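The primary structure of each chain is shown beneath.
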Amino acid sequence: MTGSVPATDSRVFATLLPLTVAVFLAFLTIGMQLPVLPLHLKTVLGMGPVVIGVVVGAQFAAALLSRAGAGTFADLRGSRRAVWAGLVTAAASGVVTVLSLPFVSVPALSVAVLLLGRVVLAVGESLIITGALGWGVGLVGPQNAGKVMVWNGIAIYGAFALGAPLGVAVSARWGMTGVGLATVVLPLAAGLLLGGMRTVAPSAVRRTPFYRVLGAVWVPGLGLALSSIGLGVISAFAALLFTARGWGDAGLVFTAFGVAFILARLLFGSLPDRLGGARVALVSVLIEAVGMLVIWGAETAAMACLGAALTGFGYSLAFPGFGVEAVRRAPPQTRGLAMGAYVAFLDLALGITGPLAGVLADSRGLAAVFAAGAAAVALSALVALRLWMQPRPA
């Protein structure tokens, strides 16, 4: 069954709700690992910042490489199949994570297995979010693309906000075994919610070269990449910063980020569709850059959490802001591939941020990576300004 529902906000929300909840459950697997994995690598396996950055960033690098395949799969085979394939793959990554634990006495081998688990999780995440975005736009129409991105973002960062303290609690009681088993169960539970959702027919009958879609979305994609470096720095190094300064539970910083992220989307989520993506993105990334600077200068856990909240609030509308511009520039029959190409810029940013920030942390200290993140985010304002000033395609 195909077609779009009428474009009332309540109808859009009702249509997207099961998909949104399923994405939330699936991404809890990532949220639970945010504060736990870096500390496991450091305290149990004895790894330094560079290795930690590589392991954390590997998920995003692998997701980058899988976006084209995920987008093509969604366009040719259907978004529903893409989401289901992603959920099963994400569950498999939990099995690999558990298999790394018997080898903690051989740290290099345990790290290698963990790395494999991150790669498998990345492929699953790529299929899930690419499929979910294409499925959502197919259900409610491209005129509501911003709302689809808003609700998917609420699901993802809500999962980060809840997943971080949940991961700390699960790890405290059952260790990484509990986190790995949760990674198996949660994606499968998400799949149970999707049985009654309408299927959207594949949007393409032949494969579109990835480079063609990439050429249409690269400018908003660059804005997304630069604005996402703040998220990458927080994901890889916030927990280490809290531990180094004795600030207590690092899960609080992820919760502050996630709660502010969700609040911004609930209050202002309709703005990219109404006012234009570039204008909203411009204001958003400036707020985000200020938040990163607050973390850089923080002398207490409360100030660091305030900075994380500002970062999350600003970043919240950067993704749909730049994303609306990407949708307007891509051919409509390549919806899944366009979403994959756009999100690939997020993966690129997060994939390189971890290793590069790890090198910077080794030489200049942990605080320096947050200052560098603020500078990168500020550069994305120039991209938003360019998109705002140049004519937008029909």
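The coordinates are above.
Residues numbered from 1 in each chain as written. Predicted model: local features only at pLDDT ≥ 70, side-chain atom pairs only at ≥ 80, totals over all residues. Heavy atoms only, no water.

## Describing helix H4 (residues 79-99)
Spanning 21 residues, H4 covers 31 Å between terminal C-alpha atoms, matching the ideal 30 Å at 1.5 Å per step. Among the residues making up H4, those that are buried are Ser 79, Ala 82, Val 83, Gly 86, Leu 87, Ala 90, Ala 91, Ser 93, Gly 94, Val 96 and Thr 97. (Helix = DSSP H or I, 4+ residues; strand = E, 2+ residues; numbered from the N terminus. Expected span 1.5 Å × (residues − 1). Buried < 20%, exposed > 50% of the residue type's maximum accessible area, 1.4 Å probe, protein only.)

## Here's the deal with the side chain of Thr 29
For Thr 29, the location among the structural elements is in helix H1 (residues 9-33). Engagement of the side chain of Thr 29 in a polar contact is seen with the backbone oxygen of Ala 26, the distance being 2.6 Å. Discounting chain neighbours no more than four positions away, the residues touching Thr 29 are Leu 121, Ala 182, Thr 183, Leu 186 and Pro 187. (Polar contact = N/O pair within 3.5 Å; in protein donor to acceptor, adjacent residues only side chain to side chain. Contact = heavy atoms within 4.5 Å.)

## A look at a nonpolar patch on the surface
Together, Phe 13, Leu 17, Val 21 and Leu 193 give the surface a local cluster of nonpolar side chains, amounting to about 290 Å² of exposed area. Along the chain, Leu 193 turns up in the loop between helix H6 (145-192) and helix H7 (210-244). Leu 193 gets classed as partly exposed once you look at its relative accessible area, which sits at 37%. (Patch = residues over 30% accessible without salt bridge, like charges linked within 9 Å, V, L, I, M, F, W, Y side chains within 5 Å. Areas by Shrake-Rupley, 256 points an atom, 1.4 Å probe, with all protein chains shown as cover. Salt bridge = Lys/Arg side-chain N within 4 Å of Asp/Glu carboxyl O.)

## Section: the nonpolar core
Phe 27, Leu 41, Phe 237, Tyr 315, Phe 322 and Phe 370 are the most contacted members of the largest nonpolar core, which has 117 residues in total. Contacts of Phe 237, omitting those with residues within four sequence positions, involve Pro 49, Gly 354, Ala 357, Gly 358, Ala 361, Leu 366, Val 369 and Phe 370. (Core = buried A, V, L, I, M, F, W, Y, C linked by side-chain atoms within 4.5 Å.)

## Overview of empty space enclosed by the protein
Evaluated as defined, the whole model comprises 8 cavities of 30 Å³ or more. Phe 27, Glu 125, Ile 156, Tyr 157 and Leu 346 are the residues nearest the centre of the largest cavity, which is lined by 23 residues in total. Of all the elements in the fold, those that place two or more residues in the lining of the largest cavity are H1, helix H3 (49-77), helix H5 (107-140), H6, H7 and helix H12 (335-364). Examining the composition of the lining of the largest cavity, we find that 6 residues originate from one element, H6, more than from any other. (1 Å grid on protein atoms, 1.4 Å probe; cavity = no way out; pocket = protein on both sides within 12 Å on 5 of 7 lines; lining within 4 Å. Points joined across faces, edges and corners; volume = space filled by probe spheres on them.)

## Describing the packing of H4 against H6
Running from N to C, H4 and H6 cross one another at 165°; their axes reach a closest spacing of 8 Å. Relative to H6, the element H4 lies roughly antiparallel. For H4 against H6, the interelement crossing comes out left-handed. In this structure, H4 uses Trp 84, Leu 87, Ala 90, Ala 91, Ser 93, Gly 94, Val 95, Thr 97 and Val 98 to contact H6, whose residues at the interface are Met 176, Thr 177, Gly 180, Leu 181, Thr 183, Val 184, Pro 187, Leu 188, Ala 190, Gly 191 and Leu 192. (Axes fitted to C-alpha atoms, helices over the stretch in contact; angles between N-to-C directions. Parallel < 35°, antiparallel > 145°, perpendicular 65-115°, else oblique. Left-handed = near helix turned anticlockwise from the far one by under 90°.)

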